[in-house]
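Below, each chain spelled out in residue letters.
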Amino acid sequence: MRGSIVQWRRHWTWLELRDLGSKLGCLINLLHDLRLWAQSWSPYSGNSPSECQHRHRLWLCECNKGQKAAAQFKQMLKDMSSLEEICGGLPLQPLPENRGRTKGVPHAPVRTPNLTAQEEKLALQNALRYFPPEVHKELALEFAEELKLYGHIYMYRFCPEIEMRAYPIEEYPCKIKSAAAIMHMIMNNLDPSVAQFPQELVTYGGNGQVFSNWAQFWLVMHYLSEMTEEQTLVMYSGHPLGLFPSPRYAPRLIITNGMVIPNYSSRDEYEKMFAMGVTMYGQMTAGSYCYIGPQGIVHGTVLTVLNAGRRYLGMEDLAGRVFVTSGLGGMSGAQAKAAVIAGCVGIIAEVDEAALLKRYRQGWLMEITDSLDHCIARLRDARENKITLSLGYHGNVVDLWERLVYELDTTGEQLVDLGSDQTSCHNPFSGGYYPVQLSFEEATQLMSTNPGRFRTLVQESLRRQVAAINRLSDKGMFFWDYGNAFLLEAQRAGADVEKRGANKTEFRYPSYVQHIMGDIFSLGFGPFRWVCTSGDPQDLATTDLIATSVLEDAIHQGVSASVKQQYQDNIRWIREAGKHSLVVGSQARILYSDQKGRVAIAVAINRAIAEKRIKAPVVLSRDHHDVSGTDSPYRETSNIYDGSAFCADMAVQNFVGDAVRGATWVSLHNGGGVGWGEVINGGFGLVLDGSAEAEKQAKIMLSWDVSNGVARRCWSGNSNAYETICQAMEETGKLKVTLPHKVVDESILEQALHR
């Protein structure tokens, strides 16, 4: 043993080493020597032979546990080394091997930007400006080839080899915790188990980019590793403009995506500008680094289906009730799990087999089939026997809708109660919607070879889909638009979706905001979420208990019946969430809460961090699809009827207001959900680190983040919002909101206008 101790003295030089790699090597050698020494020596040598043998075996078992721990530690050190590498800036000496696109993983559809020769030259020039002149000749050839083959320069050569996932925050080589937290969130958005097209940096929605190219990823990670508490990283549509001096209370990161002059914010112009690398479609939480996998939309869909049952069917128990919809890709992949949690029969069509199998392997789909006969048979069985089921149909949803009409016409049996659609109709001609006339492979090819013909087939398919939905709706099915621009695109295609005498944001069928979620927003409830940056499931379990306790205490203290219903739904959600393997990627949770609930949960989590009950900082965020975050006349603000549905003051004010009230980062986007040019939306990230300052920021920022939207909805004439903001003013002395006076006698309007 004395000799071993002498031998170990060489390891103490670790304290004097400055190179991280040398430190890691010394630690690994030390662990190896400890294990060898432990196996050759037993602390029980003074006992009887049999007792010594038994205890020695126990000791060796502990050594084996140590060996496993050492292996885990070695892997952690390897990960840290890889993370340090990607924080070192663009790899140029030497250039990484050009491996091109990885086979066997989903890839984004080929884009057709229709650039002129001059625009192609500009796209190539813009891509090369990230690199020094000595590598331009080599990179120019492959970048030009990418532009030709895929319609965009993704820079596949620079796609890092590191396992892309949300690593524990302490493994990131950063100077400040907030920068490490942002890295954690970025890498989660690009995790292949989370991202829809990871090599094209698309998180969800077919075109929701995290960055425009891989050079931007490398630069952002480098900037974040160098960032201090007196710097802010500025992001222009995926491009890191740089680190700029700022006070400690300023955001560490400010993001804008797609901020195009309104008269030029068309789809065709977008395709050109994205191809040239000057703008980007960040969807909502893709380009703001706040996506948490499909769990977020699972929760929203659960609440939507539950409240649809209450409103349309007049029931709480949805056993045996059938919900038919489409889409299992990015966010739409949540529908299968939501149907199970809501307790109904969910039938979800998906044309992309890879997306279908991904959800099945994740356990989100209970069954899959490519047979319409089997699909209808299982639907009937589950309906009659009130079996909870999520069945994925590998095929086009138009075929499914038309088969349901056939069953109605031939048997007189209406097999579906609730219907919707979650194809990416905000992007219908670039992979968001696949026409029924073609197979998936045929459609993918035609999309790039003959975009005009593809567009014609998409619109014909939309007309057929709506015709089938109308037939079933006439016989009692309740259908709603899920805010994916389905009815908007169907109208543009000439489908029968008109609502006579309505304003231009209304159709034959309501959006889910107009009939279901709008009232919830007006009460101040929306998709609040948090991420445990330790990566430890136990931390998430602790936050679940905290959130449940906070909501139960709020109910006990007394709330209105409508608020109580929402709290109870969310308590049920949290309890169910743990049973359904909802975590994909980062250790995250979402629930719908109002201003009071969000603030109370944030304060309680922050104090748990201070008390070491939670091991690492927690990032607070929300979906942009929220009370205040989004101005979208065909979705979030579709129930605004004072003429301001097309105005974007709320979202812009929210972005600015969050920034000046302590948000760690803020973002503002053009597009998201219903498509480019149709919406302005924003979001935030707030890092809770257990400090008193973090608690103060959470209280003031989260209060604004909700009350801004409630006040706007109140001014538009919403009675729920009126009551909610009045209560908030009673509870918050410094809050003073302009309240509307209702015109009681509307006849005076006619008299005044026609005297």
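Above this text is the structure in question.
Before going into details, it helps to say that this report is about the structure given with it. If you're wondering where the values come from, they're calculated on a predicted model, not measured in any experiment.

1. Considering the overall build of the chain
Within the chain, the secondary structure is distributed over 25 helices and 17 strands. Long-range pairs, those at least 24 residues apart, make up 70% of the contacts in the chain with a sequence separation of at least 6. When the accessible surface of the chain is summed, it comes to about 32000 Å², and 52% of that surface belongs to carbon and sulfur atoms.

2. A word on unusual backbone geometry
A cis geometry characterises the amide bond from Q93 onward to P94, with omega recorded as 0°. Summarising the element assignment, P94 is placed in the loop between α3 (49–86) and α4 (117–128). The backbone of Q283 shows a phi angle near 50°, a positive value even though the residue is not glycine. By secondary structure assignment, the location of Q283 is in the loop between α8 (267–275) and α9 (295–313). Backbone geometry places K612, a non-glycine residue, at a positive phi of 70°. For K612, the position within the fold is in the loop between α21 (595–610) and β14 (618–622).

3. Things to note about the packing of helix α22 (residues 649–660) against helix α23 (residues 692–715)
Put simply, α22 and α23 touch, their axes get as near as 10 Å, and they point 160° apart. Between α22 and α23, the interaxial angle falls into the category roughly antiparallel. Once α22 is placed against α23, the crossing between them reads as right-handed. Contacts between α22 and α23 involve M650, Q653, N654, G657 and D658 from the former and M701, W704, D705, N708, G709, R712 and R713 from the latter. A breakdown of the residues in the contact of α22 with α23 according to their chemical character gives three nonpolar, five polar and four charged.

4. Some remarks on the side chain of S621
Position of S621 among the secondary structure elements: in strand β14. Separated by 2.8 Å, the side chain of S621 and the backbone oxygen of F684 make a polar contact. Setting aside its immediate chain neighbours within four residues, S621 contacts C290, P527, F528, R529 and F684.

5. Remarks on the environment of T411
Assignment of secondary structure puts T411 in helix α13 (residues 397–411). Looking at T411, the relative accessible area reads 45%, which means it is partly exposed. At 2.5 Å, the side chain of T411 forms a polar contact with the backbone oxygen of E407. Within the structure, the side chain of T411 is placed 3.1 Å from the backbone nitrogen of E413, a separation counted as a polar contact.

6. A short note on a nonpolar patch on the surface
Together, Y236, L241 and F244 give the surface a local cluster of nonpolar side chains, amounting to about 290 Å² of exposed area. Mapped onto the secondary structure, F244 falls in strand β4 (residues 239–245). Classification of F244 by relative accessible area gives partly exposed; the value is 37%.

7. Thoughts on the packing of aromatic side chains
Scanning the model with the defined rule gives 24 aromatic pairs in all. On the numbers, 6.2 Å between centres and 50° between planes, the contact of Y281 with W676 is tilted. Of this pair, Y281 sits in the loop between α8 and α9 while W676 is found in the loop between β16 (665–670) and β17 (680–688), placing the two residues 395 residues apart along the sequence. Across the pair, W676 and Y281 agree in class, each one buried. One aromatic cluster is present, formed by F211, W214, F217 and Y289 through successive ring pairs. One Lys or Arg, R455, reaches over the ring of F429 and ends 4.0 Å from the middle of that ring.

8. Considerations on the pairing of β16
Counting buried positions along β16 yields six of six residues, so the element is predominantly enclosed. Side chains W665, S667 and H669 of β16 all project onto a buried face; the interleaved residues V666, L668 and N670 project onto the opposite face, where all are buried too. Judged from the five bridges that link them, strand β5 (residues 253–257) and β16 form a sheet pairing that is parallel. Among the inter-strand pairings, T256 is bridged to a residue of β16, identified as L668. Examined bridge by bridge, β16 and β17 share six bridges and lie antiparallel to one another. Looking at the pairing, W665 lines up with G685 of β17.

9. Remarks on the environment of Y223
Along the chain, Y223 falls in helix α7 (residues 214–226). Exposure remark for Y223: the relative accessible area of 24% places this residue in the partly exposed category. Residues Y223 and G88, spaced 135 residues apart in sequence, show a C-alpha to C-alpha distance of 9.2 Å. When sequence neighbours within four positions are dropped, the list of residues in contact with Y223 reads L233, P240, G242 and L243.

10. Considerations on the pairing of strand β13 (residues 587–593)
Where burial is concerned, most of β13 is hidden: seven out of the seven residues are buried. Along β13, one buried face is formed by Q587, R589, L591 and S593 and the opposite face, lined by A588, I590 and Y592, is buried too. In this structure, strand β12 (residues 526–532) lies alongside β13, joined through seven bridges in antiparallel fashion. Considered in β13, the bridge of R529 is made with I590.

11. A look at the pattern of salt bridges
For side chains of opposite charge, pairing can occur when their charged atoms come near one another. A complete count under the given rule lists 41 salt bridges for this structure. R378 serves as the salt-bridge partner of D381, at 2.9 Å between the closest nitrogen and oxygen. With D381 and R378 both in helix α12 (residues 372–385) and three residues apart, this pair spans about one turn of that helix. Accessibility expressed as a relative area gives 29% for D381, which makes it partly exposed.

12. Quick look at the side chain of D421
You can see D421 is positioned in the loop between β10 (418–419) and α14 (428–432). It turns out D421 is buried and unbridged, and the closest side chain with the opposite charge, R635, is 11 Å from it. A polar atom in the side chain of D421 sits 2.8 Å from the side chain of S326. A polar contact is formed between the side chain of D421 and the side chain of T423, at a distance of 2.5 Å. Among residues more than four places away in sequence, those in contact with D421 are T325, S326, V397, Q465, F479, W480, Y482, N484 and F486.

13. A look at the packing of α9 against helix α10 (residues 335–342)
Where α9 contacts α10, the axes come no closer than 8 Å and their chain directions differ by 45°. In terms of axis orientation, α9 runs oblique to α10. As for the relative orientation of α9 and α10, their crossing is right-handed in sense. Each of V298, T301, V302, V305 and L306 in α9 lies in contact with α10, whose residues at this interface are K337, A338, I341 and A342.

14. Quick look at a negative patch on the surface
Among the surface-exposed residues, E353, D370, E441 and E442 lie close enough to one another that they form a single negatively charged patch. Residue E441 is classed as exposed on the basis of its relative accessible area of 56%.

15. Here we look at the nonpolar core
The nonpolar side chains of soluble globular proteins are, as a tendency, buried together. Ranked by size, the top nonpolar core spans 156 residues in total, and within it F131, F158, I186, F217, Y289, W530 and W573 carry the most contacts. Setting aside residues up to four positions removed in sequence, W573 forms contacts with Q295, V298, H299, V302, I341, L582, R589, I590 and L591. One finds C375, V397, V458 and F486 within the second-largest nonpolar core, a separate group that totals 53 residues.

Calculation rules
Residues numbered from 1 in each chain as written. Predicted model: local features only at pLDDT ≥ 70, side-chain atom pairs only at ≥ 80, totals over all residues. Heavy atoms only, no water. Helix = DSSP H or I, 4+ residues; strand = E, 2+ residues; numbered from the N terminus. Contact = heavy atoms within 4.5 Å. Areas by Shrake-Rupley, 256 points an atom, 1.4 Å probe, with all protein chains shown as cover. Axes fitted to C-alpha atoms, helices over the stretch in contact; angles between N-to-C directions. Parallel < 35°, antiparallel > 145°, perpendicular 65-115°, else oblique. Left-handed = near helix turned anticlockwise from the far one by under 90°. Nonpolar A, V, L, I, M, F, W, Y, C, P; charged D, E, K, R; others polar. Polar contact = N/O pair within 3.5 Å; in protein donor to acceptor, adjacent residues only side chain to side chain. Buried < 20%, exposed > 50% of the residue type's maximum accessible area, 1.4 Å probe, protein only. Patch = residues over 30% accessible without salt bridge, like charges linked within 9 Å, V, L, I, M, F, W, Y side chains within 5 Å. Salt bridge = Lys/Arg side-chain N within 4 Å of Asp/Glu carboxyl O. Phe/Tyr/Trp six-rings, centres within 6.5 Å; stacked < 30°, edge-to-face > 60°. Lys NZ or Arg CZ within 6 Å of the ring centre and 35° of its normal. Pairing = 2+ DSSP bridges. Lys, Arg positive; Asp, Glu negative; His and termini not counted. Charge placed at Lys NZ, Arg CZ, Asp CG, Glu CD. Core = buried A, V, L, I, M, F, W, Y, C linked by side-chain atoms within 4.5 Å.

Honestly, it's all geometry; don't read function into it.
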